[in-house]
Amino acid sequence: MAVSSLGRSLSALWLRRTTTLLLTGKRFCQSQPQPLTVRTQNDGIRRIILNNPKKRNALSLSMLESLRENIVTDVDSDDLRVIIISAKGPVFSSGHDLKELTSAHGREHHTHVFQTCSEVMTLIQDIPVPVIAMVNGIATAAGCQLVASCDIAVATEKSTFATPGVNVGLFCSTPAVAIGRAVPRKVAMEMLFTGTPISAQDALLHGLISKVVPEERVEEETLAIARRVCESSRPVVALGKATFYRQMAQGRDAAYVTASRVMVDNLALIDGQEGIRAFVGKRKPVWSHKAEKAHE
């Protein structure tokens, strides 16, 4: 009898402990939200994935801060050559989280949201490595701005692009900065005034994206571009990217002065001279990937 009672007591204790562990584990799992962005890096290629499909990968303040951190981390490392930004789910990004833009949050918070967004968009063009958008779905408002801000954009045939803010009473003025510099003015104005989506083919036609591919090939095509970038000298690519954006903001004559000076600077790099020697010698160049000078 005593043994039987002891057995029942031990069984009850074991059951209570097991139940407690299960409930604790369940609460632990529920309290661990998925990261808003996921960053990986292999062979010089950094992948950043927008990872909030339940909220259509909205560029909330937290998402923007996470994206910024993923971009700037070790951005000057020789091991980093190119960045690919993509998204999980059928929406690349729906733009800002409108719930953050209500009067309840106040003007100071609104200002912080748009300042952070502008920082991320300009950062993409200011860092020394190319940034590629890999789009497989819908990109609207600030999501479309993100695509327009990237150096290269590859999209699937089903992808669409729009600036529908006017339809909810919030004109897409900040997306217009990037989009207006990527597509002809009248195309941008139609997108902004009507909010009507454009197809991937039209986006390609107008210069918003670089390439349209079938969905099953978007990964392959994007990685092919990234790997091709990795074959070049890092400091040469960095110098070229910085110069491109600088001269595009200048008048023609000033742009030629800038570009001519940079060509001379490029020739002074070790990798600039290595490339010429390799071409003359009909061999493959061996890049140092160092911004060191061969001569003054």
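Just above sits the structure.
Residues numbered from 1 in each chain as written. Predicted model: local features only at pLDDT ≥ 70, side-chain atom pairs only at ≥ 80, totals over all residues. Heavy atoms only, no water.

Engineer: Help me understand the nonpolar core in this model?
Structural biologist: Soluble, globular proteins show a tendency: their nonpolar side chains are buried together. Judged by nonpolar contacts, the single largest core of 44 residues is most densely connected at Ile-71, Ile-83, Ile-85, Phe-161, Leu-208 and Ile-209. Apart from the residues lying within four places of it in its own chain, the contact partners of Ile-85 are Ile-48, Leu-67, Phe-92, Ile-124, Val-131, Ile-132, Ala-133, Met-134, Leu-146 and Cys-150. Membership of the second largest hydrophobic core comes to 13 residues, among which are Val-82, Val-218, Ala-226 and Val-229. (Core = buried A, V, L, I, M, F, W, Y, C linked by side-chain atoms within 4.5 Å. Buried < 20%, exposed > 50% of the residue type's maximum accessible area, 1.4 Å probe, protein only. Contact = heavy atoms within 4.5 Å.)

Engineer: Looking at this structure, I do not really get the pairing of strand β5 (residues 131-135). What am I missing?
Structural biologist: Of all five residues in β5, five are buried, a share of seventy percent or more. Neither face of β5 is left uncovered, since the one carrying Val-131, Ala-133 and Val-135 and the one carrying Ile-132 and Met-134 both have all their residues buried. Relative to β5, strand β3 (residues 82-87) runs parallel, the two being bridged by three bridges. The residue of β5 that forms the bridge with Ile-83 is Val-131. Across four bridges, the pairing between β5 and strand β7 (residues 152-156) is parallel. Residue pairing in the sheet places Val-135 in a bridge with Ala-155 of β7. (Helix = DSSP H or I, 4+ residues; strand = E, 2+ residues; numbered from the N terminus. Pairing = 2+ DSSP bridges.)

Engineer: Explanation requested: the sheet that holds strand β10 (residues 211-213) in the structure shown.
Structural biologist: Backbone hydrogen bonds hold the strands of a sheet together, and the pairing may be parallel or antiparallel. The strand order β1-β2-β3-β5-β7-β10 describes an open sheet built from six strands, whose pairing is mixed. Two strands lie at the open edges of the sheet, namely β1 (37-42) and β10, each paired on one side alone. On average, each strand axis in the sheet is tilted by 20° relative to the strand beside it, whichever way the strands run. Sheet contacts for helix α8 (residues 218-230): β2 (45-50), β3, β5, β7 and β10; angle to β5, the most-contacted strand, approximately 175°. (Axes fitted to C-alpha atoms, helices over the stretch in contact; angles between N-to-C directions.)

Engineer: Would you mind going over the sheet that holds strand β9 (residues 198-199) with me for this structure?
Structural biologist: Judged by pairing direction, the sheet is mixed, and its four strands sit side by side in the order β4-β6-β8-β9 without closing on themselves. Where the open sheet ends on each side, the last strands, each with one partner, are β4 (91-93) and β9. Against the sheet, helix α4 (residues 142-149) contacts β4, β6 (138-140) and β8 (160-162), and its axis sits at roughly 100° relative to β6.

Engineer: Could you clarify how one ought to interpret helix α11 (residues 270-280) in this entry?
Structural biologist: The periodicity of an α-helix, 3.6 residues per turn, causes residues three or four places apart in sequence to face the same way. All of the buried residues in α11 are Asp-271, Gly-272, Glu-274 and Ala-278. The buried residues of α11 all sit within an arc of 165° when viewed along its axis, so they share a single face. Those residues of α11 that are buried are in contact with α9 (234-248) and α10 (252-268). (Arc of directions from axis to C-beta.)

Engineer: Even after reading the chapter, I still don't get a nonpolar patch on the surface, so can you show me in this structure?
Structural biologist: On the surface, a cluster of nonpolar side chains totalling about 340 Å² of accessible area is made up of Val-166, Phe-171, Met-189 and Phe-193. Owing to a relative accessible area of 51%, Phe-193 belongs among the exposed residues under this scheme. (Patch = residues over 30% accessible without salt bridge, like charges linked within 9 Å, V, L, I, M, F, W, Y side chains within 5 Å. Areas by Shrake-Rupley, 256 points an atom, 1.4 Å probe, with all protein chains shown as cover. Salt bridge = Lys/Arg side-chain N within 4 Å of Asp/Glu carboxyl O.)

Engineer: Whenever I open this one, the packing of helix α3 (residues 106-126) against α4 confuses me. Can you help?
Structural biologist: When two helices pack together, their arrangement is given by the angle between their axes and by how far apart the axes lie. Following both chains from N to C, one finds α3 and α4 inclined at 20°, their axes separated by 9 Å at the closest point. In terms of orientation, α3 lies roughly parallel with respect to α4. Judged by the sense of rotation from one axis to the other, the crossing of α3 with α4 is right-handed. Residue-level contacts link Cys-117, Met-121, Ile-124 and Gln-125 of α3 to Ala-142, Gln-145, Leu-146, Ala-148 and Ser-149 of α4. Here the contact of α3 with α4 is composed, by residue class, of six nonpolar, three polar and no charged. (Parallel < 35°, antiparallel > 145°, perpendicular 65-115°, else oblique. Left-handed = near helix turned anticlockwise from the far one by under 90°. Nonpolar A, V, L, I, M, F, W, Y, C, P; charged D, E, K, R; others polar.)

Engineer: Quick question: what am I supposed to make of α3 here?
Structural biologist: The first and last C-alpha atoms of α3 sit 30 Å apart over 21 residues, in line with the 30 Å expected at 1.5 Å per residue. Within α3, burial applies to His-110, Val-113, Thr-116, Cys-117, Val-120, Met-121, Leu-123 and Ile-124. Down the axis of α3, the smallest arc covering the buried residues is 160°, so these residues share one side. Facing away from the buried side of α3 by over 90 degrees, the exposed positions are Arg-107, Glu-108 and Asp-126. (Expected span 1.5 Å × (residues − 1).)

Engineer: How do you make sense of the pattern of salt bridges when you look at a structure like this?
Structural biologist: Two side chains with opposite charge may pair up if their charged atoms get near one another. Applying the stated rule across the entire model yields 12 salt bridges. A salt bridge links Arg-47 to Glu-219, with the nearest nitrogen and oxygen atoms 2.9 Å apart. Here Arg-47 is found in strand β2, whereas its partner Glu-219 is found in helix α8, with 172 residues between them in sequence. Here Arg-47 falls in the buried class, since its relative accessible area comes to 16%. The network of salt bridges with shared partners includes Lys-211, Arg-217 and Glu-221.

Engineer: Looking at this structure, I do not really get the packing of α9 against α10. What am I missing?
Structural biologist: Where α9 contacts α10, the axes come no closer than 10 Å and their chain directions differ by 170°. If you check the angle between α9 and α10, you find them roughly antiparallel. Facing Val-236, Leu-239, Thr-243, Arg-246 and Gln-247 of α9, the residues of α10 in contact are Ala-255, Thr-258, Ala-259, Val-262, Asp-265 and Asn-266. Among the residues making up the contact of α9 with α10, the classes are represented as five nonpolar, four polar and two charged.

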